Amino acid sequence: MEKSEVNQISRRAFAGAAAFMIVPRHVLGAPYTPPSDKVTIASIGLGRQGMAVSMELLARPDVQIVSVCDVNKGSRDYIEYSPNALLRSARRLLGPGYEKWGEDLASPGSIRLTEEFESSMGMGGREPAKRLVEAYYASRKDSGTYRGCNAYADYRELLAKEKDLDAVYIATPDHWHATISIAAMRAKKHVLCQKPMAHSIGEARRMAEVARETKVATGLPVNNPSTDTTKLISEWISDGAIGPVREIHNWSGRPYWPQGIARPEESQPIPDGLNWDMWLGPAPERPFNKIYLPFSWRGWYDFGCGSFGDMGCYSFAGIFKILGLAPPTVVEASTSESFPESYPKASIVRLQFPARGSQPPVQMSWYDGSIKPARPAGLLKEDEGLFVHSDEGEGIMYVGDKGIILGGFNGDHPRVYPASKKYLTPAPSRNRGEHDVAIDQWVGACKGGPASATNFEIQSPVTEAFLLGCLTQRLPGERFEWDTAKMRITNSENANKYLDPPARSTYAS
């Protein structure tokens, strides 16, 4: 019985008062999952990332997507990383019934965001997402039809009406993460929130506090704390492979979107089907201009967290796990030309982390905009690519008293220098999906299992660290001394106003 169809019985009533009607799983046979065992989910924010992860959720037998929500009714201007990526993913998901997804949703062409980054465009928004959900479930029914997914323009209406909902997946722009997450947790819904966890340090702390109070399952779709690579590097460092770690260098080729630009003076017509005021939400009002969305919002202080927020959430989650770090005590940045409202095109951010027990203090250096650290001598050919100017030219380097560990951005394919037979890089293995492990943990937690390794309480100090880095990019040249207990920069009153900026009253969390 489907939850949202005619003559519906609530999922909990069905599982409780009429539990005798549930057919045991071993009788039905795998891979069937009884409705009472499924986590019912609403997807909120249906851009590229929202659509992609919603497809991952749809494919899970223990999940049922029952509603979708987006301020955009639908448009074909969302950035993809390969031609027709979303359409091809939908076809793979649907199998023989892919025709219901629609050829009209093929990419209308490409867009060049920067001199070096051109991308195809895909379909997103609440109506295409509703179509996809219903096409998927219809393809699994003998009748070939399904009408069980509700579409909303306002998350508040969704939370008010979807009383029997278990959880939400949030994939909005960064400035909406905290407001929607907190509202959902207070409504007793489990929350899977896209990275970065929050747009400000104050928001991250409130999210962790509300998660602790409500005891709902929370998580970010970030695998790093649980990967084999993270475990391997941790074992090498604990075993003294490179001696005490004193420096970390982490570099990204991003941004792929425009940064280091001024606010446009012109106002443009709001596209049909887009609620611009709702898209702005907690952020200050401003006229619509297509320079802000989709995707390019990441480069604007009011909406995104720049390159550091986009990628640092991945690498930092692993680094904190490996080294047992606490928030930094000192943070400073050097950047390209500074602009009042957008992140710089390139920067180096330095964060000083305190000692942990017998482990010495660590200095972390973050590089973006294709800036990279000095290349160590004696690298193997396969590691030279980490330092080239390309999409693959991203990496991480742990520097100890006796050597270094060098790997891809998230530490993938790590290698110890000087080489040692004791510390050999394992042969490449088939990696699971970008988010699979984290989603597994979160869904398990929704069902009463152990908390996810990326739950809000664990990830709040991780988020705090890279958001301090984002703040130094905004105020380059300043050296912030951070008191995490007081949530205060002790030597800069000017910077403190950005730690927890007020939201527009209508959308305050």
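How each quantity is defined
One numbering rule holds for all chains: residues counted from 1, following each sequence as written. Owing to the predicted nature of the model, reporting of local features is limited to residues with pLDDT of at least 70; listing and counting of side-chain atom pairs is limited to 80 or more, with chain, interface and lining totals taken over all residues. Excluded from the side-chain calculations are hydrogens and water; all other atoms, namely the structure's heavy atoms, are used. For the purposes of this entry, the term helix denotes a DSSP run of H or I that reaches at least four residues, the term strand denotes a run of E that reaches at least two, and both are numbered from the N terminus. Only C-alpha atoms enter the radius of gyration; for comparison, a globular chain is expected to reach 2.2 Å times N to the power 0.38, where N is the number of residues. Relative accessibility decides the category of a residue: with a 1.4 Å probe and only protein chains considered, values under 20% of the type maximum give buried, values over 50% give exposed, and everything between is partly exposed. Two residues qualify as a contact provided that any one of their heavy atoms is within 4.5 Å of a heavy atom in the partner residue. When charges are counted, neither His nor the chain ends are considered; positive counts come from Lys and Arg and negative counts from Asp and Glu. Charge positions come from single atoms, namely NZ of Lys, CZ of Arg, CG of Asp or CD of Glu. Any two strands with at least two DSSP-identified bridges between them are counted as paired. To get an axis, fit a line to the C-alpha atoms, keeping to the stretch in contact for a helix; angles then go from 0 to 180 degrees between the N-to-C directions. As a per-residue quantity, pLDDT reports the predictor's confidence and falls between 0 and 100. Here the nonpolar core consists of buried residues drawn from Ala, Val, Leu, Ile, Met, Phe, Trp, Tyr and Cys, with membership extended through side-chain atoms lying within 4.5 Å. Angle categories: roughly parallel below 35 degrees, roughly antiparallel above 145, roughly perpendicular from 65 to 115, and oblique for all the rest. In a left-handed crossing the near helix is turned counterclockwise from the far helix by less than a right angle, and in a right-handed crossing that turn is clockwise. Three categories are distinguished: nonpolar for Ala, Val, Leu, Ile, Met, Phe, Trp, Tyr, Cys and Pro, charged for Asp, Glu, Lys and Arg, and polar for the others, with Gly belonging to the last. Two rings belonging to Phe, Tyr or Trp (six-membered ring only in the last case) form a pair when the distance between their centres is within 6.5 Å. Interplanar angles under 30 degrees mark stacking, angles over 60 mark edge-to-face geometry, and anything in between is tilted.

Q: I keep staring at the overall build of the protein and nothing clicks. Help me out?
A: Counting its secondary structure elements, the protein contains 15 helices and 18 strands. Relative to the compact-globule value of 23 Å for 509 residues, the protein shows a C-alpha radius of gyration of 23 Å, a close match. Principal-axis analysis of the C-alpha atoms places the extent of the protein at approximately 65 × 60 × 45 Å. When each of the 509 residues of the protein is scored for burial, the buried share is 56%. The contacts of the protein with a sequence gap of at least 6 include a subset with a gap of at least 24, amounting to 71%. Charged side chains in the protein number 58 positive and 59 negative. The centres of these two groups are separated by 4 Å.

Q: Please clarify how the sheet that holds strand 12 (residues 347-353) should be interpreted in this entry.
A: Strands in a sheet are paired, the pairing made by backbone hydrogen bonds, and the direction either parallel or antiparallel. Here we have nine strands laid out as an open sheet, ordered 16-15-14-10-13-12-11-17-18, and mixed in their pairing. Of all strands in the sheet, those bounded by a partner on one side alone are strand 16 (415-417) and strand 18 (488-489). Where strand 11 (residues 330-335) and strand 17 (residues 479-483) come together, three bridges link them in antiparallel fashion. Residue pairing in the sheet places V330 in a bridge with E481 of strand 17. The strands that helix 9 (residues 228-238) touches are strand 10 (245-251), strand 14 (395-400), strand 15 (404-408) and strand 16; relative to strand 15, the one it contacts most, it runs at about 175 degrees.

Q: Mind showing me how you'd approach the confidence of the model for the protein here?
A: One rule of thumb: low pLDDT means the predicted coordinates there are not for detailed reading. Scored by pLDDT, the protein comes out at a mean of 90, with 91% of its residues at no less than 70. Counting contacts from residues 1-31, a segment whose pLDDT is below 50, to residues more than four positions away or on other chains yields 44 contacts.

Q: Looking at this structure, how should I read the sheet that holds strand 4 (residues 110-112)?
A: Sheet architecture is open: three strands sit in the order 3-5-4, paired in antiparallel fashion. What marks the edges here is a single partner per strand, and that holds for strand 3 (75-79) and strand 4. Strand-to-strand twist in this sheet, taken as the mean axis angle between neighbours without regard to direction, amounts to 50 degrees. Of the pairings in the sheet, the one linking strand 4 to strand 5 (residues 118-124) comprises three bridges and is antiparallel in character. Counted as the bridge partner of R112 is E118 from strand 5.

Q: In this structure, what is going on with helix 7 (residues 177-186)? I would like to understand it.
A: Residues spaced three or four apart along an α-helix point in a common direction, a consequence of the helix completing one turn every 3.6 residues. By the criterion of burial, helix 7 is predominantly enclosed, with eight of the ten residues buried. Along helix 7, the positions that sit buried rather than exposed are H177, A178, T179, I180, S181, I182, A184 and M185. Following helix 7 by one or two positions, K188 adopts a phi angle in the positive range, close to 70 degrees.

Q: What is the right way to read the nonpolar core from this model?
A: In summary, soluble globular proteins display a tendency toward joint burial of nonpolar side chains. Of all hydrophobic cores here, the largest spans 93 residues; its most connected members are F316 and Y398. No other element matches helix 11 (residues 306-323), which puts ten residues into this core. If we skip the residues at most four places from it in the chain, Y398 touches I233, I237, I242, V245, E247, I248, I319, I322, L323, G403, I404 and I405. With 39 residues, the next largest nonpolar core counts V68, A129, A138 and A171 among its residues.

Q: How do you make sense of the environment of I348 when you look at a structure like this?
A: The topology assignment puts I348 in strand 12. Measuring from C-alpha to C-alpha, the distance between I348 and S238 comes to 28 Å, with 110 residues separating the pair along the chain. If we ignore the near neighbours within four places in the chain, the residues touching I348 are E332, A333, S334, W366, Y367 and I371.

Q: Please clarify how the packing of helix 11 against helix 14 (residues 456-474) should be interpreted in this entry.
A: The geometry of a pair of packed helices is captured by two quantities: the angle between their axes and the separation between those axes. At a closest axis distance of 9 Å, the pairing of helix 11 and helix 14 adopts a crossing angle of 135 degrees. Between helix 11 and helix 14, the interaxial angle falls into the category oblique. Helix-helix and strand crossings are classified by hand; for helix 11 and helix 14 the assignment is right-handed. Counted together, F308, G309, G312, C313, F316, A317 and F320 of helix 11 and Q459, P461, V462, A465, F466, G469, C470 and Q473 of helix 14 form the full contact between these two elements. Residues of the contact of helix 11 with helix 14, tallied by class, amount to ten nonpolar, five polar and no charged.

Q: How should I be thinking about the packing of aromatic side chains in this particular structure?
A: Each aromatic ring pair is characterised by the separation of its centres together with the angle its planes make. Taken as a whole, this structure holds 24 aromatic pairs when the rule is applied. Ring plane angle 65 degrees and centroid distance 5.4 Å describe the contact between Y136 and Y137, whose orientation is recorded as edge-to-face. For Y136, a relative accessible area of 9% gives the class buried. For Y137, a relative accessible area of 8% gives the class buried. Seen in terms of ring centroids, W276 and W279 are 5.1 Å apart; in terms of plane orientation they differ by 10 degrees. Their pairing is stacked. In this pair, W276 and W279 both sit in helix 10 (residues 276-280), three residues apart, roughly one turn of the helix.

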